[in-house]
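Listed here are the chains, written in short residue letters.
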Amino acid sequence: MTARLSTDGGARGNPGPAACGYVLEASDGTILAASGRAIGVATNNVAEYQALIDGLERALELGLEDVEVVSDSQLLVRQMTGEYRVKNPALIDLWLQARRLAGEIGAVRYVAVPREQNELADRLVNEALDAEQAAAAGDPRS
């Protein structure tokens, strides 16, 4: 089955409180899985990679063999396609982990899109960051 994996990561401050999110959709638009979670203090780029890793792990669990990764992170897309080298030591292990997972899936393609075309994954990131911020502030609704 072919699926689209939309990923996003963000940090409020860089580094700062960070979160990642992904949405896995079947070719007919059915959402197969979606998740957003806080990851502690990290940079935007670490959060972007963690979103990719989380999504690829879920794609493997679902037995997907053909995945198109959609991200608004030009850096992530260009590093995963080999156009850019990974120089940041904080990203090397994450890049290696993502490459290993992609290799286990089989066919994985990467597409960079504008932020506006990545709304659901972005919303999951912001909801996770808002929930984490509310919890830290002692908000009973979190």
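Heads up: these notes are all about the structure in this document. Just so it is clear, the model here is predicted, and its values are computed rather than measured.

Quick notes on the rules
- Residues numbered from 1 in each chain as written.
- Predicted model: local features only at pLDDT ≥ 70, side-chain atom pairs only at ≥ 80, totals over all residues.
- Heavy atoms only, no water.
- Pairing = 2+ DSSP bridges.
- Helix = DSSP H or I, 4+ residues; strand = E, 2+ residues; numbered from the N terminus.
- Axes fitted to C-alpha atoms, helices over the stretch in contact; angles between N-to-C directions.
- Contact = heavy atoms within 4.5 Å.
- Salt bridge = Lys/Arg side-chain N within 4 Å of Asp/Glu carboxyl O.
- Buried < 20%, exposed > 50% of the residue type's maximum accessible area, 1.4 Å probe, protein only.
- Core = buried A, V, L, I, M, F, W, Y, C linked by side-chain atoms within 4.5 Å.

1. Structural notes on the sheet that holds strand S4 (residues 66-71)
Pairing between sheet strands relies on hydrogen bonds along the backbone, with the strands arranged either parallel or antiparallel.
Part 1 of the reasoning: Spatially, S3-S2-S1-S4-S5 is the arrangement adopted by the five strands of the open sheet, whose pairing is mixed. The open sheet terminates on both sides in strands that have one partner only, identified here as strand S3 (31-42) and strand S5 (107-112). In this sheet, adjacent strand axes meet at a mean angle of 20° when their direction is disregarded.
Part 2 of the reasoning: Where strand S1 (residues 2-11) lies against S4, six bridges are found, and the strand directions are parallel. Within the sheet, the bridge partner assigned to Ala3 lies in S4 and is Val67.
Part 3 of the reasoning: Contacts from helix H1 (residues 44-61) reach S1, strand S2 (16-26), S3, S4 and S5, with the element oriented near 150° to S1.
Part 4 of the reasoning: Where helix H3 (residues 89-105) meets the sheet, it contacts S4 and S5, and its direction lies at approximately 125° from that of S5.

2. Focus: the pattern of salt bridges
Pairing of side chains with opposite charge becomes possible as their charged atoms draw close.
Part 1 of the reasoning: Under the criterion given, the structure shown has seven salt bridges.
Part 2 of the reasoning: Asp66 is the salt-bridge partner of Arg109, the closest N and O atoms lying 2.6 Å from each other. Here Asp66 lies in strand S4 and Arg109 lies in strand S5, a separation of 43 residues in the sequence.
Part 3 of the reasoning: Accessibility expressed as a relative area gives 37% for Arg109, which makes it partly exposed.
Part 4 of the reasoning: Judged by its relative accessible area of 21%, Asp66 falls in the partly exposed class.

3. Structural notes on unusual backbone geometry
Comment: phi is negative for the bulk of residues other than glycine, and the bulk of peptide bonds are trans.
Part 1 of the reasoning: Cis geometry marks the peptide bond from Asn14 to Pro15; its omega dihedral reads 10°.
Part 2 of the reasoning: With respect to the helices, strands and loops of the structure, Pro15 is situated in the loop between S1 and S2.

4. Quick word on the environment of Arg99
Part 1 of the reasoning: By the element assignment, Arg99 lies in helix H3.
Part 2 of the reasoning: For Arg99, a relative accessible area of 45% translates into the label partly exposed.

5. Examining the nonpolar core
Part 1 of the reasoning: Ranked by internal contacts, the top residues of the largest apolar core, which has 31 residues, are Leu52 and Leu56.
Part 2 of the reasoning: Those elements that place two or more of their residues in this core are S1, S2, S3, H1, S4, helix H2 (74-80), H3 and S5.
Part 3 of the reasoning: Contacts of Leu56, omitting those with residues within four sequence positions, involve Leu5, Val69, Ala98, Leu101, Ala102 and Ile105.

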